[in-house]
Every structure is written in structure tokens, then in C-alpha cells.
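Secondary and tertiary structure notes
One-letter residues, chain by chain:
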Amino acid sequence: MKGLYSKNMSVDSNKTFYLETFGCQMNVHDSEKVIGTLVHEGYRQVETVEQADLILYNTCSIRDKAEQKVFHRLADYKKLLAQGKKFGVLGCVAQQEGEKIFERAPHVSLVCGSASYRKLPEMLFELEKNWAAVPNRAEESQVPSSEFTHSGNTRNPRLATQSLVRITGLDDRETDECFETEFTARTNPHRGYITIIEGCDKFCAYCVVPFTRGKERSRTSESVLAEARQMADLGYTEIQLLGQNVNSYKDPAGKPGGGFSRKRTFAELLAAVGEVPGIRRVRFTTSHPRDFGRDIIEAIDAVPTLCDHVHLPVQSGSDRVLNAMQRLYTREQYMERIAWMKAAKREISITSDVIVGFPGETEEDFAETLSLLDEVGYDSVFTFKYSPRPNTPSLALEDAIPDEEKARRLEVLMARQREIQIARYKKYIGIISEVMVEGRNESRAQWIGRTSQNKTLNFTAPEPSAPKVGSYVPVRATASFPNSLVGEMVV
Ligand code: 5AD
Ligand code: SF4
């Protein structure tokens, strides 16, 4: 693991933790920061729940299914409480359910939303203080639990005498803080994430994110660039800029701590990261069509390290549904952005997210989504059945489309998209693309590669010129599948 660790890191600590992550790339990257923080606090990461003193779940609540997973996990391992293990719930379910988690899973000791991760060291301190006060951890589960909560940074003197401590970090939407840490435990030594903006102010009718991740707050572009340079110095060559809506990035230059005066737009920041010496690929996700400016395409045209791939979630092809979803754009405006991309110097691969079965979606609305797929020609689409979520505006709408009908629309959509991809991927046969080597699939005797367009291109290479993982090599595609290409390295 190559990370930005400090010297304080303790490797032979006897405090151990297990962390499982659910959900999106933001969660994956948050976990890298949480792991870095825990290691800096003297914890050692272990691979199994059984080996761990502290069991953490970084959770996702974007759809109901994702949310249920964590409660199943907690139920599965409840028995381990008798061995003195502690359980913590982090992330979106933590923020959304808050202290209700203690009722549903009384063996949980720590509930912490993403806006409070910067307080983790303090929360761990409280947890440990209580831990140490329990003479025999194995007896702990037999002591009746005391229902009290320790919130944020007000230390409760009763903590040390309580057996089942309950610590919450549930900063609300109004926090201005980003989770900036120098202790990020990146697991991939070649490509890594950098968060540029946290939270979301869009309030799409179906979406729980503005409630679980709080309001939009951007990091200074200088701080992002410093992290990019540090990563390049450590040998990283690919950077992915992250945010729920990277296009609404607003450089808070001039803020106390910002320490400089030049503000950069998102497109300028993207270009500046692409120009960091040593960086060969820059990606960004996720974009919102409303805030997606033409300057982003101009930056992709001007800076060759910016990857020729844009993920631009459309959600629906029907203006009526887009309006009900409060997406703040029309189909025509969306297609205007697609036209910018299609006019770019390099062919830009376009991918999207689509929700089927939003309340009130008619057969005609759905047909418009299908026609939009044809019109755009996506290289990949993530498809979802609408799932009503707590706090969201669309919760007030009747979720009247039966699950079987949502499932049917999903299948039709996926089948149509599959046909589109079969045709699109075929066009790459015979074409040479540069791939980053991501690994080796021994069973298939193939190397795993990824193109700048974010397509998987698995390939063979003659033994003497076997490529190194993390290197960039030219590969000629020789066959195509709906989701990937196969080829041979050009030597
Ligand atoms: N139901 C179904 N899909 C959803 N998404 C977000 N919220 C919901 C919901 N309530 C999808 C959107 C978003 C992606 C990350 O998840 O398509 O772009
Ligand atoms: Fe959710 Fe909409 Fe914000 Fe994306 S832009 S995180 S879908 S509210």
C-alpha cells in the first residue's frame, strides 16, 4: 500500500480494524482516508471481521437495497459482540438514520456521517477510553446497555463508566468543512482519487445525497494541485477528480487557509491537474448536465492528458420526467452538451445513469428514454429502478409503478443499450489504443488494460515483452464484446 503516511504510523499496533465499503467512488475514497486516519491513530487494518477489534461499515443509502446490506451485515456479526468487538457505521446510512441505528442494531457503538470524519481521531479516543474501562471485554454484552449519546466534541465524563458507549458524529448539511487529511491510504499505487468538492446542493427529487453528504463545499484549487503534485512525486500517473457534482466546483480561494488569490474554474483546475508533470491521465466524476460547461470540452481538446471520457447522467429522456425529477435541464439542453462532446477533436466516450419507474413515468416517457439512448450512443449506462428514499421530495409522490413493471422497463432498457454497445465496441476492432496495464487474468492468460476512454481492453503480449502493471502500452483490438475489447499488444 503506497499512501501519504506520516511517521506516526504504527505498524505493530495491537488495535485492529476491519472496514468494508459499500457504494460509490466517493465512499471508496472516503474509506481510503478513514483507513489512513485509523492507521495514523495506531490501528492496524485486518482482512477479516474475526481478526478485528473494531468492525466498520462505510455505507451507502442511495437505494433501499444498498441500505439493507449494512443491516444484514450487522445482524450476521452481532454474535461477535460477546468477544468484545466494537461496531461502527460510517457514511450515508449513518448520516441518514443517525441514532436510530442504535435502536435497530444495539451492538453498534459508533455512528458517523461523512461530514464528521475529520473528528474521527477524537471519536476513536472516546471509544477506546470506554473500551479500556471495561475490565473484561467478553462480559460486555451481558451488561445492560446505557442509552446515551456522545455527540461531536463535548466529552461526557460518564463515558468511562459505561459499558456500551454510543458515539455519534452527525454534522448536519450546514458544515463548511471538507475532510482533508494527509493520511490517505491509497490501495492502488498507480491511479488514485482526489476529492475536489463534497456534498450537493441540487436536490434532485429522488436523491438522498444532499441529505447524507451535506451542502456543497469545494477545496481550494491550490490544495487539490498540491495533492496532485504529491501523488505524481509518489509515482501515480492517473488521477480521478471526485465530487457529487464536479461541475459546480467553486474555488474558495481567499478563504482563511486558502492562502492565495487566484480562483480557478473547474475546467481550469482540470487542465492544471492534467499539466502536473508525471500525470498521464486525468478523469473526473460525476457531472451534472445543468452545470456542464463547454469549457470542459475545450480543456479536453487542449490538454492531451485529460481522458476522452465523460460520464454525464441523464436519468430520463422525457422532459416531463426530467421536470418531475427536478433535474433543471431539458432533453434539448442535454443533447446540446452531447453535441459539444461529439464536436471535440478526440472522440469522447460518453456514459450515463438512467432511472426507470420514477413516479408518473408513462410508457411514452420511457420510450423517450429509449430513443435518447439511440440518439446519444452511449458506451455504457448504469441503470436503476426508482427506489423511494427518506427525506427526498419524491417520497411525497406515490410510488405507483409496480416493481415488476420497473423490472420490465429495466430489462428493455438494458437490452437496447446492449445492442448499442455491441455496435459501438465493434468499431474499435483493428484500432490501436494506449492502455494502462491494470493486472493479469491468469485463467485467461490475458493482461487487463484500460483505455483513456475508460474501456476495458484485455490483451495478450509475447512473453519476453510482458508489460508491467501500471505501465502504458499500445494494444490493437482484435475482437469486441458488449462491455470490453480483446487485443494484442503492439511490440
Ligand atoms: N432510486 C434509483 N436510482 C437512484 N439514483 C440516485 N437516487 C436514486 C433513487 N432514489 C441513481 C441515479 C444517480 C446514481 C448514482 O444513482 O441514477 O445518478
Ligand atoms: Fe443526487 Fe442530483 Fe446531487 Fe447527483 S446532482 S448527488 S443525483 S441530488
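Just so it is clear, the structure is predicted and the values come from calculations on it, not from any experiment. (Residues numbered from 1 in each chain as written. Chains lettered and ligands numbered in written order. Predicted model: local features only at pLDDT ≥ 70, side-chain atom pairs only at ≥ 80, totals over all residues. Heavy atoms only, no water.)

1. Side note on the overall build of the protein
To keep it simple, the criterion reads: Runs of H or I in DSSP of at least four residues are treated as helices and runs of E of at least two as strands, each being numbered from the N terminus. Think of it in three bands: residues with accessible area under 20% of the maximum for their type are buried, residues over 50% are exposed, and the middle band is partly exposed, with areas taken using a 1.4 Å probe on protein chains only. The contact criterion used throughout is that any non-hydrogen atoms of two residues lie within 4.5 Å. For accessible areas, the Shrake-Rupley method is used with a probe of radius 1.4 Å. Any residue's cover is judged against the shown protein chains and nothing else.
From N to C terminus, the protein includes 13 helices and 20 strands. Residue burial in the protein is summarised as follows: out of 491 residues, 57% are buried. Intrachain contacts of the protein at a sequence separation of at least 6 include 74% that bridge at least 24 residues. Working note: accessible area of the protein is about 20800 Å², and carbon and sulfur atoms make up 51% of it.

2. A few points about the nonpolar core
Where we set the bar: We define a nonpolar core as any set of buried Ala, Val, Leu, Ile, Met, Phe, Trp, Tyr and Cys residues linked to one another through side-chain atoms lying within 4.5 Å.
Counting residues in hydrophobic clusters, the biggest one holds 56 residues, and the most contacted among them are Leu 241, Phe 284 and Tyr 334. Here this core gets seven residues from one element, more than from any other, and that element is helix H8 (residues 266-274). Ignoring sequence-local partners within four residues, the contact set of Phe 284 consists of Gln 240, Leu 241, Val 246, Phe 266, Leu 270, Phe 292, Ile 296, Ile 300, His 309 and Val 310. Within the second largest apolar cluster, 23 residues are counted, among which are Phe 22, Val 49, Ala 94 and Ala 105.

3. Focus on helix H11 (residues 331-342)
Basically, it comes down to this: Residue count minus one, scaled by 1.5 Å, sets the expected span of a helix.
With twelve residues, H11 ought to run about 16 Å at 1.5 Å a step, and its terminal C-alpha atoms sit 16 Å apart, in line with that. Every buried residue of H11 is listed here: Arg 331, Tyr 334, Met 335, Arg 337, Ile 338, Trp 340 and Met 341. In the core, the buried residues of H11 are packed alongside helix H9 (294-302), strand S13 (309-311), helix H10 (319-324), strand S14 (349-356) and helix H12 (363-376).

4. Remarks on the site of ligand 2
As a reminder, the rule being used: We call a residue near a molecule or strand when any one of its heavy atoms sits within 4 Å of it. We call Asp, Glu, Lys and Arg charged. Ala, Val, Leu, Ile, Met, Phe, Trp, Tyr, Cys and Pro are nonpolar, and the rest, Gly among them, are polar.
Taken together, Cys 200, Lys 202, Phe 203, Cys 204, Tyr 206, Cys 207, Val 209, Pro 210, Gln 244, His 288 and Arg 327 make up the full set of residues near ligand 2. Looking at the shell around ligand 2 residue by residue, the classes come out as seven nonpolar, two polar and two charged.

5. So, the environment of Leu 328
Looking at where Leu 328 falls in the secondary structure, it is placed in the loop between H10 and H11. Put simply, Leu 328 and His 288 are 40 residues apart on the chain and 9.6 Å apart in space, counted from C-alpha to C-alpha. Once you skip the residues sitting within four places of it in the chain, Leu 328 turns out to touch Lys 202, Arg 290 and Gln 333.

6. What about the confidence of the model for the protein?
Under the convention used in this document: Per-residue confidence from the prediction method is given by pLDDT, with values spanning 0 to 100.
Confidence along the protein averages 88 in pLDDT terms, with 89% of residues attaining 70 or more. Scored below 50 in pLDDT, residues 1-12 shows 30 contacts in the model against residues more than four places distant or in partner chains. This model gives residues 134-163 a pLDDT under 50, and the stretch forms 51 contacts once residues within four places in sequence are excluded.

7. Some words on the pattern of salt bridges
This is how it is decided: Salt bridges are counted wherever a side-chain nitrogen of Lys or Arg sits within 4 Å of a carboxyl oxygen of Asp or Glu.
As enumerated under the stated definition, the model contains 32 salt bridges in all. The residue Arg 213 makes a salt bridge to Asp 30 at a minimum N-O spacing of 3.0 Å. Residue Arg 213 is located in the loop between helix H6 (209-212) and strand S10 (217-218), and its partner Asp 30 is located in helix H1 (residues 25-40); the two are separated by 183 residues in the primary sequence. Exposure remark for Asp 30: the relative accessible area of 5% places this residue in the buried category. The salt bridge partner of Arg 409 is Glu 405, with a shortest N-O separation of 2.8 Å. Linking Arg 409 with Glu 405, this pair stays in helix H13 (residues 403-426), spanning four residues, or about one helical turn. A network of salt bridges, in which partner residues are shared, links Glu 347, Asp 379, Arg 424, Lys 427 and Lys 455.

8. Examining a negative patch on the surface
Selection criterion: Patch membership is restricted to residues that have no salt bridge and whose relative accessible area is over 30%. Joining uses 9 Å for like charges and 5 Å for the nonpolar side chains Val, Leu, Ile, Met, Phe, Trp and Tyr. Charged residues are defined here as Lys and Arg on the positive side and Asp and Glu on the negative side; His and the ends of the chain fall outside this count. To locate a charge, take NZ of a lysine, CZ of an arginine, CG of an aspartate or CD of a glutamate.
A cluster of acidic residues, Asp 319, Glu 332, Glu 364 and Glu 368, forms a negative patch at the surface. Looking at the secondary structure, you find Glu 368 in helix H12.

9. Notes on the side chain of His 107
Going by this rule: Here a polar contact means two N or O atoms within 3.5 Å. Within protein one must be a hydrogen donor candidate and the other an acceptor candidate, and residues neighboring in sequence count only if both atoms are side-chain atoms.
Mapped onto the elements of the fold, His 107 is located in the loop between helix H4 (100-104) and strand S5 (108-112). By relative accessible area, which is 3% here, His 107 ends up buried. At a separation of 2.9 Å, a polar atom in the side chain of His 107 contacts the main-chain carbonyl oxygen of Leu 74. In contact with His 107, other than residues within four places in its own chain, are Leu 74, Lys 78, Leu 81 and Phe 87.

10. Comments concerning the site of ligand 1
Around ligand 1, the structure places Ile 62, Arg 63, Tyr 206, Gln 315, Asp 353, Ile 355, Phe 384, Lys 385, Tyr 386, Ser 387 and Arg 389. Measuring from an oxygen atom of ligand 1, one finds a side-chain N or O atom of Arg 63 at 2.9 Å. Taken by itself ligand 1 offers 400 Å² of open surface, and the protein chains cover 87% of this. Of the residues that constitute the shell around ligand 1, the class distribution is five nonpolar, two polar and four charged.

11. So, the pairing of strand S12 (residues 281-285)
Just so we agree on the cut-off: Here, strands pair whenever DSSP counts at least two bridges between them.
For S12, a buried count of five out of five residues is recorded, marking the element as mostly surrounded by other parts of the structure. Residues Arg 281, Arg 283 and Thr 285 of S12 are buried on one face, and the alternating residues Val 282 and Phe 284, pointing to the opposite face, are buried as well. The pairing of strand S11 (residues 238-242) with S12 spans five bridges and is parallel. Bridge pairing in S12 links Leu 242 to Thr 285.

12. Considering the packing of H12 against H13
Cut-off, in case you're wondering: Here, axes are lines fitted to C-alpha atoms. For helices the fit covers the stretch in contact, and angles between N-to-C directions go from 0 to 180 degrees. An angle counts as roughly parallel when it lies under 35 degrees, as roughly antiparallel when it exceeds 145, as roughly perpendicular when it falls between 65 and 115, and as oblique in every other case. By convention, the crossing between two helices is left-handed when the near helix turns anticlockwise from the far helix through less than a right angle, and right-handed when the turn is clockwise.
Axis separation between H12 and H13 bottoms out at 10 Å; the angle between their running directions is 20 degrees. Looking at the two axes, H12 sits roughly parallel to H13. You can see that H12 and H13 cross each other, and the crossing is right-handed. From H12, Glu 363, Phe 366, Thr 369, Leu 370, Leu 373 and Asp 374 reach across to H13, where they touch Glu 405, Arg 408, Arg 409, Val 412, Leu 413, Arg 416, Gln 417 and Ile 420. Along the lines of polarity and charge, the residues of the contact of H12 with H13 split into six nonpolar, two polar and six charged.

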